Amino acid sequence: MIVVTGATGNVGRTLVRILAEQGREVTAVSRRMAQADVPSGVRAVAADLSQPPADVFSGADAVFLLVGGELMMVGDPVRVVAPLAAAGRIVLLSSQGVATRPDSLSHGRAFAAYEQAVMDSGAEWAILRPGGFASNAYAWAPSIKTSRTAAAPFGEVGLPVIDPDDIAAVAAVTLTRPGHAEAIYELTGPAPITARGRAAAIGDAIGEPVTFVDQTREEARAQMLTFMPAPVADTTLDILGTPTVREQTVSPDVEKILGRAPGTFVDWARRNAAAFR
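Values in this document were obtained by computation on a predicted structure and should not be read as measured data. (Residues numbered from 1 in each chain as written. Predicted model: local features only at pLDDT ≥ 70, side-chain atom pairs only at ≥ 80, totals over all residues. Heavy atoms only, no water.)

### What to know about the overall build of the protein
Thought 1: A tally of regular secondary structure across the protein gives 12 helices and 11 strands.
Thought 2: The globule rule puts the C-alpha radius of gyration for 277 residues at 19 Å, and the 19 Å found for the protein is close to it.
Thought 3: Taken along its principal axes, the extent of the C-alpha atoms in the protein is 50 × 40 × 35 Å.
Thought 4: Within the span of the protein, comprising 277 residues, buried residues form 51% of the whole.
Thought 5: Of the roughly 12300 Å² of accessible surface on the protein, a fraction of 52% belongs to carbon and sulfur atoms.
Thought 6: Positive and negative side-chain charges of the protein, numbering 24 and 29 respectively, have mean locations separated by a distance of 3 Å. (Helix = DSSP H or I, 4+ residues; strand = E, 2+ residues; numbered from the N terminus. Rg over C-alpha atoms; globule rule 2.2 N^0.38 Å. Buried < 20%, exposed > 50% of the residue type's maximum accessible area, 1.4 Å probe, protein only. Areas by Shrake-Rupley, 256 points an atom, 1.4 Å probe, with all protein chains shown as cover. Lys, Arg positive; Asp, Glu negative; His and termini not counted. Charge placed at Lys NZ, Arg CZ, Asp CG, Glu CD.)

Printed below as a string of structure tokens:
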């Protein structure tokens, strides 16, 4: 049996579907989880990883671990990981920031602490370090729907954002196949694309032009602070505005694991066009 935490998110939902289609026995876990949220045959469990029910991981052969929000910033990684160790295999969704922003609490140090806890757990492990998600563009959905505009800072800076479905596909492989023990994979899309280019791709996908609106860093920060802590906003803006060479570099790991190139942002926008209409 495979336990997928964060099962209602952009990665977890797809991962549950992939595993279910493979005929795997799956338990889907999220704070707000209902049986209607998962495919037929999948067990749904509403649980907080800081205090999970005793039987959530009982009988698991492998666990996909996603930690975020408050748990990421103030949770005890060793305490969170300990109940998973008996599963034998843990695949952790971490962040590229562990390598590129090691001094950042939100993008580097917090994830690094969970990586270390997983490595020290005694279970077989693999770690996935994605860069920026294509699905971050959902933040534009309200303004694109109402005014066909998308606002962001640093409109000409390109990053190789990754389709969350590709992260899920890589996770499915590392959870179910041999050869990935003690592996750390950096996951990116196939090419850098600018914020302006992402807005244009969404316009093409919905069949109407989307006007890109340049924000200042200060304007973007004020907007981000309405839904994320200041340290997260500041590091995110640093990545968007002054990415490191590594953050702009395409990793070969998705293609190496899946045997195909990662999907483009254009592909993602076409598949998710309904969210912006």
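Let's pick the thread back up.
### Examining the nonpolar core
Thought 1: By size, the foremost hydrophobic cluster in this structure holds 33 residues, and its most contacted members are Val4, Leu15, Leu19, Phe64, Leu128, Leu175 and Leu187.
Thought 2: By residue number, the principal contributor to this core is helix H7 (residues 164–176), which donates eight residues.
Thought 3: Residues within four places of Leu128 in sequence aside, it is in contact with Val91, Leu92, Leu93, Ser94, Ser95, Ile167, Val170, Ala171, Thr174, Tyr185 and Leu187. (Core = buried A, V, L, I, M, F, W, Y, C linked by side-chain atoms within 4.5 Å. Contact = heavy atoms within 4.5 Å.)

### Quick word on the packing of aromatic side chains
Thought 1: Counted under the stated rule, the structure contains four aromatic pairs.
Thought 2: A centroid spacing of 6.1 Å and a plane angle of 70 degrees characterise the contact between Trp268 and Phe276, whose relative ring orientation is edge-to-face.
Thought 3: A connected cluster of aromatic rings, assembled from ring pairs, spans Tyr138, Phe265, Trp268 and Phe276. (Phe/Tyr/Trp six-rings, centres within 6.5 Å; stacked < 30°, edge-to-face > 60°.)

### What about the pairing of strand S9 (residues 183–187)?
Thought 1: Along S9, four of the five residues are buried, which leaves the element largely enclosed by surrounding structure.
Thought 2: The pairing of strand S6 (residues 124–130) with S9 spans five bridges and is parallel. Its bridge partner being in S9, Ala126 is matched across the sheet by Ala183. (Pairing = 2+ DSSP bridges.)

### A short note on the sheet that holds strand S3 (residues 43–46)
Thought 1: Strand order across the open sheet formed by seven strands is S3-S2-S1-S4-S5-S6-S9, with parallel pairing between neighbours. Each edge of the open sheet carries a strand with a single partner, namely S3 and S9. Averaged over all adjacent pairs, the angle separating strand axes in this sheet is 15 degrees, with direction ignored.
Thought 2: Across three bridges, the pairing between strand S1 (residues 2–5) and strand S4 (residues 62–65) is parallel. Within the sheet, the bridge partner assigned to Val3 lies in S4 and is Val63.
Thought 3: Along the sheet, helix H1 (residues 12–21) makes contact with S1, strand S2 (26–30) and S4, crossing S1 at roughly 160 degrees. (Axes fitted to C-alpha atoms, helices over the stretch in contact; angles between N-to-C directions.)

### Here's the deal with the environment of Ala168
Thought 1: Relative to the assigned elements, Ala168 resides in helix H7.
Thought 2: When the C-alpha atoms of Ala168 and Thr14 are compared, they prove to be 6.0 Å apart, with 154 residues separating the residues in sequence.
Thought 3: Residues in contact with Ala168, not counting those within four places in the same chain, are Val11, Thr14, Leu15 and Ile18.

### Quick look at the packing of helix H9 (residues 217–224) against helix H10 (residues 230–241)
Thought 1: Contact geometry of H9 with H10 gives a least axis separation of 10 Å together with a crossing angle of 140 degrees. By the angle between their directions, the pair H9 and H10 is classed as oblique. Considering how the two elements wind past one another, H9 and H10 form a crossing that is right-handed. Seen from H9, the contacting residues are Arg217, Ala220, Arg221 and Met224; seen from H10, they are Ala230, Ala233, Asp234, Thr236, Leu237, Asp238 and Leu240.
Thought 2: Broken down by class, the residue content of the contact of H9 with H10 amounts to six nonpolar, one polar and four charged. (Parallel < 35°, antiparallel > 145°, perpendicular 65-115°, else oblique. Left-handed = near helix turned anticlockwise from the far one by under 90°. Nonpolar A, V, L, I, M, F, W, Y, C, P; charged D, E, K, R; others polar.)

### Quick notes on unusual backbone geometry
Thought 1: If you check the backbone angles, Arg148 has positive phi at about 55 degrees while not being a glycine.
Thought 2: Here Arg148 is to be found in the loop between helix H6 (141–147) and strand S7 (149–153).
Thought 3: Exposure remark for Arg148: the relative accessible area of 18% places this residue in the buried category.

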